[in-house]
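These are the residues of each chain, in order.
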Amino acid sequence: MEDIISLCKRRGFIFQGSEIYGGLAGTWDYGPFGVTLRNNVRSLWWKRFVEDREDMYGIDAAILMNQNVWKSSGHVAGFSDPLVEDTKSKKRYRADHLLEAAGVDVKGMSLAAMSAAIKEKGIKSPDGNALGEVRQFNMMFKTNVGATEDETSISYLRPETAGGMFVNYKNVVDSLHPKLPFGLAQVGKAFRNEIAPRDFIFRLRELEQMEIEYFVDPKDWEKAFESFRQQVHAFTDDIGLAPAHVHELEVADGDRAHYSKRTIDFEFDYPFGKKELYGLAYRTDFDLSAHTKGSGVDLSYFDEETKTRLTPHVIEPSFGVERTILAILTESYTEDELGGEKRIYLKFPPRIAPVKVAVFPLLKNKPQLVEKAREVFMMLKKKIPGVMFDDNGNIGKRYRRQDEVGTPFCVTIDFDTMGETLELKDTVTLRNRDTGAQQRIPLVDLSSHIMDAIF
C-alpha cells in the first residue's frame, strides 16, 4: 500500500488534499495522470452502461436539494455510523472498527451490545483512554442555503447520487415516455462526514459515484438483477481486475439496508484485505413510494399497452470511482526485473492508461531527431487520445518513467528513421511496456498498429 501511495505522488496521480497546509483527512486531489485515469474509467463505465444500451438515460442532478428529499429517503433519521468518544480527549472513533480490530464480529450488533462488548473486552481509545457509550452519528454534511440560517434554510451535501435520480424520475417519464424497464444513470460527487476516513482513497469524506437506478415491473426484478450481476463482472474485466480477485458476497437479511430485499456486495482483494468494491441492490418500490408520500406527487407509472398503473421496483448497481481507481492501481502495480535491473510498472489495460503512447527522439540535442519526433507526435495525437512527448533524460530513464505511469507503448525516432540505414528509413522503434520487447514499425502503419493494440 505504501508503495502504491508513493508512486501515486511521485508520478502525479494522487496528492493529499490541502497538503501544503498539513492536509485535510478524507480528501485527496488528483494530479494530471490521475485525472486522465479517472476520466478514462468513467468513460468506459458510461459507454458500457449508457451509450451501448437503448434503455438507459443519463442525468446530472444538483448536489444541493430540498431537505425534504433526505427526510423522505430516511437519510436524516438513519444515515449514520456507530460512534464512541474518548472520555478524556473527546476524540471520536468508529465503534465497529475498534471492535473488529479486537476480533469481534459486529454484524447485526445493536448499539447497546457494542457498548457492552467494548467494556467486556476492555477496549481503550488509541490514546489509551476509556471510551463512552456507543451512539449513532449522522454522516451527512449539513449546511444552510441563502442569507438566513433557520430550520427552513437547512440543506445537506448529498450522501449519494441516487436521490437526484429518484426525484427526477417523473421528469424523465413525462418528457421522454420511456417504456419499462428503463434506467437513469449518473456520475457525480457525494459527501460523507466519515468519523475515521482511512486506507488512502478507499474511505473518504468527498467521493464520486457511478450509479444506476433501473426501474422494472415488480414481476421482472430477478431477471434484471441477474443481468446487472453479469454486467458488473464484465466491467471488472474491462478495467483489468483478475476474476480471482473479485468476490461476491450475498448480504444476509439482518445486514442489508432496510429498503433492500436482496443485495450482493462485490468485494476486491485490496492490500488491506477483502473489502467492498461495488454493490447491487434490489430496492423494491421503497424509494418511489417514499417520495410519493413525502412530496404528495404521484410517482406511479402508467403502462400504455396494458392500460394499468403500477409503482416500478428498482435495481441499483452502485460503483465508487475512487474504490475502482484503487482496485486498478492494486491490480496493475507490478515489480519485476528487466535487463538485469529491478523495475516498477503499472500494468494498466491500454484502454484506460492515462498515456497510451509516448514519443521520444533518441537524443534531444539532435535537432533533426527532435523535429521528426515532433512530427510523429502530432500525427499520433490527431488519431489517438493520450499521446505524450518526452525528451527528458536518457532513453533508459524515459522508458522507466513511462513504465511507472503505465504507458503501454513507447515510440523512438532514431537515426535509422532518418535514413542512416536505407532499408529502415521511415520506420520507428516501438517498445512494449509489459515485455520490454522492441520492433521496427513503418511510420505509415504506426497509428493503425497502436490503435489495434489499444482498442
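Note: the structure precedes this text.
Residues numbered from 1 in each chain as written. Predicted model: local features only at pLDDT ≥ 70, side-chain atom pairs only at ≥ 80, totals over all residues. Heavy atoms only, no water.

Q: Let's hear about the side chain of Glu316: which residues, and what values?
A: For Glu316, the location among the structural elements is in strand β16 (residues 313–320). At 2.9 Å, the side chain of Glu316 forms a polar contact with the side chain of Arg283. The residues contacting Glu316, other than those within four sequence positions of it, are Ala162, Glu211, Ile212, Glu213, Gly279, Leu280, Ala281 and Arg283. (Helix = DSSP H or I, 4+ residues; strand = E, 2+ residues; numbered from the N terminus. Polar contact = N/O pair within 3.5 Å; in protein donor to acceptor, adjacent residues only side chain to side chain. Contact = heavy atoms within 4.5 Å.)

Q: Please set out the environment of Gln402 residue by residue, giving values where relevant.
A: Within the secondary structure layout, Gln402 lies in helix α13 (residues 395–404). Those residues in contact with Gln402 that sit more than four places away from it in its chain are Val355, Ala358, Phe360, Met388, Asp390, Thr407 and Cys410.

Q: I'd like to hear about the packing of helix α2 (residues 32–51) against helix α11 (residues 321–332), residue by residue, with values.
A: Where α2 contacts α11, the axes come no closer than 11 Å and their chain directions differ by 110 degrees. Classified by the angle their axes make, α2 and α11 are roughly perpendicular. Residues Leu37, Arg38, Val41 and Arg42 of α2 pack against Val321, Glu322, Thr324, Ile325 and Ile328 of α11. Residue classes in the contact of α2 with α11 are distributed as five nonpolar, one polar and three charged. (Axes fitted to C-alpha atoms, helices over the stretch in contact; angles between N-to-C directions. Parallel < 35°, antiparallel > 145°, perpendicular 65-115°, else oblique. Nonpolar A, V, L, I, M, F, W, Y, C, P; charged D, E, K, R; others polar.)

Q: Provide a residue-level description of the sheet that holds β16, including the pertinent values.
A: Strands sit in the order β3-β9-β10-β16-β13-β12-β11 across an open sheet of seven strands; the sheet is mixed. Single-partner strands in this sheet number two, and they are β3 (56–58) and β11 (246–250). When the angles between neighbouring strand axes are averaged without regard to direction, this sheet yields 25 degrees. Relative to β16, strand β10 (residues 206–216) is paired through six bridges, and the arrangement is antiparallel. (Pairing = 2+ DSSP bridges.)

Q: Which residues make up the packing of aromatic side chains, and what are the values?
A: Tallying each qualifying case throughout the model produces 26 aromatic pairs. Taken together, a centroid distance of 6.2 Å and an interplanar angle of 45 degrees make the contact between Trp45 and Trp46 tilted. On the basis of relative accessibility, which here comes to 25%, the residue Trp46 falls in the partly exposed class. Note on Tyr270 and Phe272: the rings are 5.2 Å apart at their centroids and 5 degrees apart in plane angle, and the pair reads as stacked. Under the relative-accessibility criterion, Tyr270 is labelled buried at 4%. Residue classification places Phe272 among the partly exposed positions, given a relative accessible area of 23%. By way of ring pairs, the aromatic residues Trp45, Trp46, Phe49, Phe235, Tyr278 and Phe319 are connected into one cluster. The ring of Tyr259 has Arg283 sitting right over it, with the charged end atom 3.9 Å from the ring centre. The ring of Phe389 has Arg374 sitting right over it, with the charged end atom 3.8 Å from the ring centre. (Phe/Tyr/Trp six-rings, centres within 6.5 Å; stacked < 30°, edge-to-face > 60°. Buried < 20%, exposed > 50% of the residue type's maximum accessible area, 1.4 Å probe, protein only. Lys NZ or Arg CZ within 6 Å of the ring centre and 35° of its normal.)

Keep in mind these numbers describe shape, not what the thing actually does.
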